[in-house]
Amino acid sequence: MPDRLTWRPTVPQVTDVPDQTLADATAVLHSALTGDGAAVVGTFDAVVDRSGLAGAYTVAWTLAATMVGDPPPPGACALDFPGIDEAGYDTRWVARFVSAYANHDADTGEALFGAAVADGQLPDCLLTLAGSAVATLRSRAG
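Note that this is a predicted model, so its numbers are computed, not measured.

Novice: Residues and numbers for the packing of aromatic side chains, please.
Specialist: For the coordinates displayed, the defined rule picks out six aromatic pairs. Centre to centre, the rings of Y57 and W61 are 5.5 Å apart; their planes meet at 20 degrees, and the pair counts as stacked. Taken as a pair, Y57 and W61 lie in helix α2 (residues 37–68) at a separation of four residues, close to a single helical turn. Classification of Y57 as buried rests on a relative accessible area of 1%. Look at W61 and you get buried, because its relative accessible area is 2%. With a centroid separation of 5.3 Å and 75 degrees between ring planes, the pair formed by W61 and Y101 is classed as edge-to-face. Placement of W61 in helix α2 and of Y101 in helix α3 (residues 89–102) is noted, with a sequence separation of 40 residues between them. Like W61, the residue Y101 is buried in the burial classification. Aromatic ring contacts, followed pair by pair, group Y57, W61, W93, F97, Y101 and F113 into a single cluster.

Cut-offs applied
Residues numbered from 1 in each chain as written. Predicted model: local features only at pLDDT ≥ 70, side-chain atom pairs only at ≥ 80, totals over all residues. Heavy atoms only, no water. Phe/Tyr/Trp six-rings, centres within 6.5 Å; stacked < 30°, edge-to-face > 60°. Helix = DSSP H or I, 4+ residues; strand = E, 2+ residues; numbered from the N terminus. Buried < 20%, exposed > 50% of the residue type's maximum accessible area, 1.4 Å probe, protein only.

Take a look at the structure:
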């Protein structure tokens, strides 16, 4: 896990996100839209090769921002996911990671990211995050 991550992107500040991060997030979403899980993981692998785990975290945080949109005030969101404790690791991780973003809680997001790395679950978690982001975008489209 990289040293303390401090960058906290939000949708209102999306123009402050580095172009490469936006390009990486777009590539992940495009691959997820086409159902190409290997390309999703490959994009995250390329980000890690280029920018380390901090880069992958930033792309994941950007995907959470894509799902949530403008987050409400910090602490206003509660994780309401029936059966969360019985869900698979990756599903629990995504629910908690997106909830951390919605609550402006980068410390929890970083801890979740680090735990997924330590548990060897990060690729599955990122793949599920990408799929969840696509499902959210599709539901908004109609």
